[in-house]
Amino acid sequence: MEMKLRVWGVEFRYPARPVLRGVSLEAGEGEALGLVGPNGSGKTTLLRCINRVLSPQAGTVLIAGDDLGGLGTRALARRVGYVPQAVPPGFPTTVFEAVLLGRRPYVTWGITPRDQEVVAEVLALLGLEEFCARDFNTLSGGERQKVLIARALAQEPEVLLLDEPTSNLDLRHQLEVLEVVRDVVRKQEMAAVISIHDLNLAARFCDRLVVLHRGRIHAAGEPREALTPEIVGEVYGVEAVVRLEAGVPHVIPLAPRGRERRAECVV
Ligand code: ADP
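Note that the structure is a prediction, hence the values are computed from the model and not measured. (Residues numbered from 1 in each chain as written. Predicted model: local features only at pLDDT ≥ 70, side-chain atom pairs only at ≥ 80, totals over all residues. Heavy atoms only, no water.)

### Comments concerning the sheet that holds strand 4 (residues 58-63)
Remark on secondary structure: sheet strands pair via backbone hydrogen bonds, oriented parallel or antiparallel. Read across the sheet, four strands follow the order 2-1-4-5 without closing on themselves; strand pairing throughout is antiparallel. One side of each edge strand has no neighbouring strand; the edge strands of this open sheet are strand 2 (17-28) and strand 5 (66-67). Both strand 4 and strand 5 contribute to a ladder of two bridges, which runs antiparallel. Bridge assignment links Leu-62 to a residue of strand 5, and that residue is Asp-67. (Pairing = 2+ DSSP bridges. Helix = DSSP H or I, 4+ residues; strand = E, 2+ residues; numbered from the N terminus.)

Below, the structure is given as structure tokens:
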């Protein structure tokens, strides 16, 4: 498997606040890597360091062997697609225009038949054809999420980054969106990094997981290796049971760690 994405020794700090401390990871062709960890552990910051919205103070990010540090914005956008948590300001109104925005890194003088073809393909891939003339603002949360994914796919990136793509969705749309992402990543042999809160969805839809804790990688590996009761306890501070179903771990949180001890003290 060719490594599409290599992150090596990335350090990022805001003034007076170290956020990422020597983060290294890699993702291969067709691989979905889940990024999990508590609030504030550095997931969004790491995604932003990969797409160069933030410049890490140390470390490198390589895409198919090329250092992203040297690429301009347009060249970068042809290689990395980013699906944000929220709609960026000034987002266009129709679904077609929104997805066409993903072609901007390729457009020089005007929109070409190739641009239109890619947009049509991506709309079909995500089952959005019937929405193409709809006003983006009238769509449901799940439909909007798919449009944001479609916009990123229209960039024809090698690496797809998703920041909590399911956080505002109901159960059905969570499954739909993650199935679409997993399928397209495999079919198009991209590498995806998906920041995701729900450990059970992460385990089910990601090939490997990276568990971030206070800016460091606490554990990494296949879901069953990365989500043991010990690791979940250390990172999230909860007592948890992990059940394996068909090799996929299901995490059942029981109680915040230390509650029993505090209760004993009170008694
Ligand atoms: P996560 O996505 O895992 O919730 P983030 O990457 O958003 O974590 O945040 C990591 C840490 O960086 C947090 O402690 C957060 O408070 C801090 N942080 C995020 N943005 C800024 C900022 N603009 N200035 C200072 N600190 C920030």
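### Topic: the side chain of Ser-41
Turning to its location among the elements, Ser-41 is positioned in the loop between strand 3 (31-36) and helix 1 (43-50). For Ser-41, the contacting residues outside a window of four places in its chain are Val-19, Leu-212, His-213, Arg-214 and Gly-215. (Contact = heavy atoms within 4.5 Å.)

### Considerations on the nonpolar core
The biggest cluster of nonpolar side chains holds 54 residues, and the ones touching the most others in it are Val-99, Val-147, Ile-149, Leu-153, Leu-160 and Ile-194. Here this core spans two domains, since at least three of its residues come from each of domain 1 (3-93 + 155-227) and domain 2 (236-267). Setting aside chain neighbours within four positions, we find Ile-194 in contact with Ala-32, Leu-33, Gly-34, Leu-35, Leu-162, Pro-165, Val-181 and Cys-206. Residues Leu-46, Leu-76, Val-159 and Val-210 belong to the second largest nonpolar core, which totals 28 residues. (Core = buried A, V, L, I, M, F, W, Y, C linked by side-chain atoms within 4.5 Å. Buried < 20%, exposed > 50% of the residue type's maximum accessible area, 1.4 Å probe, protein only. Domains from an automatic or database assignment.)

### Digging into the packing of aromatic side chains
Taken as a whole, this structure holds one aromatic pair when the rule is applied. The interplanar angle of 85° and the centroid separation of 4.9 Å between the aromatic rings of Phe-12 and Tyr-14 together place this pair among those described as edge-to-face. Residue Tyr-14 is classed as partly exposed on the basis of its relative accessible area of 35%. A cation sits over an aromatic face here: Arg-78 above Tyr-106, 5.7 Å from the ring centre. When the ring centre of Tyr-106 is taken as origin, the NZ or CZ atom of Arg-103, which lies over that ring, is 4.1 Å away. (Phe/Tyr/Trp six-rings, centres within 6.5 Å; stacked < 30°, edge-to-face > 60°. Lys NZ or Arg CZ within 6 Å of the ring centre and 35° of its normal.)

### What to know about the domain arrangement of the protein
For the protein, the domain assignment lists domain 1 (3-93 + 155-227) and domain 2 (236-267). If you average the C-alpha positions of domain 1 and of domain 2, the two centres end up 27 Å apart. In this assembly, 10 residues from domain 1 lie in contact with eight residues from domain 2. Taken together, the two surfaces of domain 1 and domain 2 that pack against each other cover about 830 Å², and 66% of this comes from carbon and sulfur. It is Asn-200, Arg-224 and Leu-227 that lose the most area in domain 1 upon contact with domain 2, and together they represent 53% of the buried surface on that side. Counting across the interface, domain 1 meets domain 2 through zero salt bridges. The set of elements that each furnish at least two residues to the side of domain 1 that touches domain 2 consists of helix 7 (199-205) and helix 8 (223-226). Examining the composition of the side of domain 1 that touches domain 2, we find that four residues originate from one element, helix 7, more than from any other. Along the lines of polarity and charge, the residues of the side of domain 1 that touches domain 2 split into six nonpolar, two polar and two charged. (Buried area = accessible area lost by both parts, 1.4 Å probe. Salt bridge = Lys/Arg side-chain N within 4 Å of Asp/Glu carboxyl O. Nonpolar A, V, L, I, M, F, W, Y, C, P; charged D, E, K, R; others polar.)

### Considerations on the pattern of salt bridges
For the coordinates displayed, the defined rule picks out 13 salt bridges. Here Glu-158 ties to Arg-79 by a salt bridge, and the two come within 2.7 Å at their closest N and O atoms. You can see Glu-158 sitting in the loop between helix 5 (141-154) and strand 7 (159-163) and its partner Arg-79 sitting in the loop between helix 2 (73-77) and strand 6 (80-83), a full 79 residues away along the chain. Assessed through its relative accessible area of 19%, Glu-158 is described here as buried. Its salt-bridge partner being Glu-176, residue Arg-172 comes within 3.1 Å of it at the nearest N-O pair. With Arg-172 and Glu-176 both in helix 6 (residues 171-187), this residue pair falls four residues apart, about one helical turn. Residue classification places Glu-176 among the partly exposed residues on the basis of a relative accessible area of 22%. Among the ionic contacts, a cluster of salt bridges with common partners joins Arg-103, Arg-114, Asp-115, Glu-117 and Glu-156.

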